[in-house]
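Structural overview
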Amino acid sequence: MLCERFGVSERRACRVVGQHRSTQRLDPPEVTDEEARLREFLRDFSKRRPRWGWRRAAKAARKAGWTVNDKRIRRLWRDEGLRVPTRKRKKPLRGIGAHVGAMCPIRPDALWALDFQFDTTADGRTLKMLNVIDEFTREALAIEVDRTIDADHVVAILDRLAAERGRAPAYVRFDHGPEFIAASVADWCRFKACESVFIDPGSPWQNAWIESFNGRFRDEFLNGRHFDSLLEARVLIEDWRIDYNINRPHSAHGELSPAEFAAKWTINQPQAA
């Protein structure tokens, strides 16, 4: 077509399309009856085993009595346009939050961090715990314990904490869990003028304070307890949370407990802060 339309030589036309000149001089070999049957076998194999590739087809062909090597099967497999269809991976949903980079809060209720932990009761049923901490004072604002906690439950907890604290936080930080990227949580943040900060997928170190709290909670309490019921878990965990806030010294606060540090900050800092 190039030679006829543009009047160029065969050599130049082959160079333009990146094709060897021998392809224009050698006629393709005629398909023999034996090869036609083999091609039909491969097409039938591809229909019966759509997720199997040419390697398994070669083994099946030899098992069926064909004397063929892998290279020939691979060539015919490609000539017939047979291939294992790739499965398109579903793109995971990601939350859309504020891009603030590394953040160090300078006052209480500037940034709350949320994360889930799991345990079980004596009957083997799951306990799901939503931990909420203030990253500045390191107070455990809430440890909600239930069998399941969905996005609406998360919103109810945030509403309760905002009412107890007298204001909503400026930012909330969490991962891309389905409970956190839900529209109800995004609506709550928008109505409360609260920005959501999502950590990068697979990067728990970006939510370091809540991960540190989770480790202490697991090591100092959960690993040494065996809950018989949901009610018992709720009561004992709430007692531990109160004790953690009031009595547990924190090295970052000069060995003050989170409650003591929060009270001292309120007294010492000017109102403008």
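One structure accompanies this document, and this report is about it. (Residues numbered from 1 in each chain as written. Predicted model: local features only at pLDDT ≥ 70, side-chain atom pairs only at ≥ 80, totals over all residues. Heavy atoms only, no water.)

**A word on the side chain of His250**
Counting through the fold element by element, His250 comes out in the loop between helix 10 (230–247) and helix 11 (258–268). Taking relative accessible area as the criterion, His250 reaches 6% and is therefore assigned buried. Side-chain polar atoms of His250 contact the backbone nitrogen of Ala252, separated by 3.2 Å. (Helix = DSSP H or I, 4+ residues; strand = E, 2+ residues; numbered from the N terminus. Buried < 20%, exposed > 50% of the residue type's maximum accessible area, 1.4 Å probe, protein only. Polar contact = N/O pair within 3.5 Å; in protein donor to acceptor, adjacent residues only side chain to side chain.)

**Here we look at the environment of Arg21**
Tracing the chain through its elements places Arg21 in the loop between helix 2 (10–17) and helix 3 (22–25). The partly exposed category is assigned to Arg21, whose relative accessible area is 25%. On a C-alpha basis, the gap between Arg21 and Lys88 in space is 39 Å, while along the polypeptide they are 67 residues apart. Beyond its immediate chain neighbours, meaning those up to four positions away, Arg21 contacts Glu10, Arg11 and Cys14. (Contact = heavy atoms within 4.5 Å.)

**Here we look at the nonpolar core**
Formed by 24 residues in total, the largest nonpolar core has its most connected members in Trp112, Leu114, Leu130, Val132, Val154 and Phe180. With 7 residues, helix 7 (residues 151–165) is the largest single contributor of residues to this core. In this structure, Phe180 is in contact with Leu114, Asp115, Phe116, Leu130, Val154, Phe174, Asp175, Val185 and Phe198, ignoring residues within four places of it in sequence. Ala113, Ala140, Leu222 and Phe227 belong to the second-largest nonpolar core, a separate cluster that totals 18 residues. (Core = buried A, V, L, I, M, F, W, Y, C linked by side-chain atoms within 4.5 Å.)

**Comments concerning the sheet that holds strand 4 (residues 171–174)**
Here we have 5 strands laid out as an open sheet, ordered 3-2-1-4-5, and mixed in their pairing. For this open sheet the edge positions go to strand 3 (140–146) and strand 5 (195–198), each flanked by a neighbour on one side alone. If you compare each strand with its neighbour and ignore which way they point, the axes differ by 25° on average. Note: strand 2 (residues 126–134) against strand 3, 6 bridges, orientation antiparallel. Its bridge partner being in strand 3, Leu130 is matched across the sheet by Glu144. Docked against the sheet, helix 7 engages strand 1 (111–120), strand 2 and strand 3, running at close to 145° with respect to strand 3. (Pairing = 2+ DSSP bridges. Axes fitted to C-alpha atoms, helices over the stretch in contact; angles between N-to-C directions.)

**A few points about the pattern of salt bridges**
The tally for this structure, following the rule as stated, stands at 24 salt bridges. For Asp79, the salt bridge goes to Arg75, with nearest N and O atoms at 3.9 Å. Separated by 4 residues within a single helix, Asp79 and Arg75 lie in helix 6 (residues 70–79), roughly one turn from each other. The class for Asp79 is partly exposed, based on a relative accessible area of 47%. A salt bridge links Arg165 to Glu139, with the nearest nitrogen and oxygen atoms 3.5 Å apart. A residue pair is termed long-range when its members are at least 10 positions apart, and Arg165 in helix 7 and Glu139 in the loop between strand 2 and strand 3 qualify at 26 residues. (Salt bridge = Lys/Arg side-chain N within 4 Å of Asp/Glu carboxyl O.)

**Some thoughts on the state of the cysteines**
Scanning the entire structure with this criterion turns up 0 disulfides. Free of any disulfide, Cys3 has its nearest neighbouring cysteine sulfur in Cys14, separated by 7.1 Å. Taking the relative accessible area as the measure of exposure, Cys3 reaches 33% and is therefore partly exposed. Between Cys189, a free cysteine, and Cys194, which holds the nearest cysteine sulfur, the sulfur-to-sulfur gap is 4.5 Å. (Disulfide = S-S within 2.5 Å.)

**As for the packing of helix 7 against helix 8 (residues 183–191)**
Contact pair helix 7 / helix 8: the axes reach a minimum separation of 8 Å and the direction vectors enclose 25°. The angle between the axes of helix 7 and helix 8 places the two elements in the roughly parallel class. Contact with helix 7, carried on its side by Ala151, Asp152, Val154, Val155, Leu158, Asp159 and Ala162, involves Ser184, Val185 and Trp188 of helix 8 and no other residues of that element. (Parallel < 35°, antiparallel > 145°, perpendicular 65-115°, else oblique.)

Just geometry here; none of it tells us what the structure is for.
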